[in-house]
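Structural overview for review
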Amino acid sequence: NCAKKIKEELKLNCMPHFTCVDSTFDFVLKYINDINKLGFKNILALRGDKLKNDNTQNNIKSDFDYASDLIKFIKTNSSINVSAAGYPEGHSEAKSLEDDLKILKIKEDYGASSIYTQLFFDNEKFYIYFEKAKKLNINIPIIPGILPITSFNQTYKMTQMCHASIPKKLFQKLEKYQNEKQAVLEIGYEHACTQIKELINFGIGKVHFYTLNKAKSTKNILIECL
């Protein structure tokens with residue numbers, strides 16, 4: 001409904017995110033048909049978070065175990081352009097970054113046309129990830145995910161959830177000024193600008209922002225970096 005509203009009322013091109021955890025083939029097929037009818041050409045295919053209650057999880061029928069299964073199903077049953085998620089520091093459930101990258105290769109082989117990464121704050125992590133992906137012949141675009149920090153507590157919680165690290169100097173600075181809203185905003189702004197400028201110098205031409213409904217910071221960063 002949100003994507004439909006954005007497309008029809010604001011006339012903006014957007015990419016719906018779709019998770020497949022606890023979903024059946026029939027449910028996903030209906031979703032694909034609805035997306036086609038609404039005129040969307042792109043979708044980001046994700047597994048989604050599993051329920052914490054294993055007993056509840058086991059009682060729910062699911063035809064998909066991984067995002068790669070969803071990608072394969074969508075490409076088999078439609079002409080929708082599918083993007084996949086990538087994890088510069090490895091997925092929290094992966095045994096290693098190398099194992100995670102092997103799964104990323106499968107996503108490409110099943111039809112993903114681009115990769116949007118999880119947020120990260122250390123560009124070196126992304127560079128290593130990018131180079132390792134290229135060595136595995138992953139040749140689709142890898143678009144880095146940038147989160148402009150606006151809150152110390154929120155950012156810390158998110159990094160714990162998504163298996164992302166915060167560089168020591170950045171963490172210490174945020175921790176020191178965590179109760180000063182404007183200071184945190186400035187720290188987040190400066191760090192994101194530095195990240196983006198360095199990524200551009202590395203050869204990356206696109207960036208995905210996690211705005212978390214706080215578009216002002218992202219807008220200011222775009223003005224600075226473009």
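A quick note: this is a predicted structure, and the numbers were derived from the prediction, not measured. (Residues numbered from 1 in each chain as written. Predicted model: local features only at pLDDT ≥ 70, side-chain atom pairs only at ≥ 80, totals over all residues. Heavy atoms only, no water.)

This next bit is on the packing of aromatic side chains. By the definition in use, this model includes 13 aromatic pairs. With centroids separated by 5.2 Å and ring planes inclined at 15°, the aromatic side chains of F25 and F73 adopt a geometry described as stacked. Taken together, the residues F25 in helix 2 (residues 25–38) and F73 in helix 4 (residues 67–77) connect sequence positions 48 residues apart. Put simply, the rings of F120, F126, Y127, F130 and F202 touch in pairs and so form one group of aromatic residues. (Phe/Tyr/Trp six-rings, centres within 6.5 Å; stacked < 30°, edge-to-face > 60°. Helix = DSSP H or I, 4+ residues; strand = E, 2+ residues; numbered from the N terminus.)

Among the nonpolar cores identified, the biggest contains 40 residues, and L70, I74 and F126 are the most heavily contacted of them. With 5 residues, the top contributor of residues to this core is helix 6 (residues 123–135). (Core = buried A, V, L, I, M, F, W, Y, C linked by side-chain atoms within 4.5 Å. Buried < 20%, exposed > 50% of the residue type's maximum accessible area, 1.4 Å probe, protein only.)

Here we have 6 strands laid out as an open sheet, ordered 1-2-3-4-5-6, and parallel in their pairing. Strands at the two margins of the open sheet, each flanked by one partner only, are strand 1 (17–19) and strand 6 (208–209). (Pairing = 2+ DSSP bridges.)

At D22, a position not held by glycine, the phi torsion is positive, near 60°. Its place among the elements puts D22 in the loop between strand 1 and helix 2. Given the relative accessible area of 23%, D22 is considered partly exposed. One non-glycine residue with positive phi stands out, namely N137, at about 60°.

On to the environment of I115, then. By the secondary structure assignment, I115 is in strand 4 (residues 114–119). Residue I115 is classed as buried on the basis of its relative accessible area, which comes to 1%. In the structure, I115 is positioned 33 residues away from P148 in sequence and 20 Å away in space, judged by C-alpha atoms. Residue contacts for I115: discarding those within four places in its chain leaves A84, A85, G86, L104, I138, I140, P141, I142 and I143. (Contact = heavy atoms within 4.5 Å.)

Inspection of the secondary structure assignment puts K7 in helix 1 (residues 2–9). Using a relative accessible area of 30% as the deciding quantity, one classes K7 as partly exposed. Separated by 32 residues in sequence, K7 and G39 have C-alpha atoms that sit 9.2 Å apart. Setting aside anything within four residues of it in sequence, one finds K7 in contact with L12, L38, G39 and F40.

The next thing to look at is helix 9 (residues 181–202). A rise of 1.5 Å per residue sets the reference length of helix 9, with its 22 residues, at 32 Å; its end C-alpha atoms lie 32 Å apart and thus fit the reference within 8%. The complete set of buried residues in helix 9 reads A183, V184, I187, G188, H191, A192, C193, Q195, I196 and L199. The inward-facing, buried residues of helix 9 contact helix 6, strand 5 (142–146), helix 7 (152–162), helix 8 (168–176), strand 6 and helix 10 (215–225). G203, located one to two residues past helix 9, shows a positive phi value of around 115°. (Expected span 1.5 Å × (residues − 1).)

Bringing helix 7 into the picture now. Among the residues of helix 7, those classed as buried are F152, T155, M158, T159 and C162. Angularly, the buried residues of helix 7 cover 135° about the axis, an arc narrow enough to put them on a single face. Every exposed residue of helix 7 that faces more than 90 degrees away from the buried side is listed here: K157, Q160 and M161. Buried residues in helix 7 make contact with strand 4, helix 8 and helix 9. With a side-chain oxygen lying 3.2 Å from the backbone nitrogen of Q154, the N-terminal cap of helix 7 falls on S151. The first or second residue beyond helix 7 is H163, which carries a positive phi of 65°. (Arc of directions from axis to C-beta. Polar contact = N/O pair within 3.5 Å; in protein donor to acceptor, adjacent residues only side chain to side chain.)

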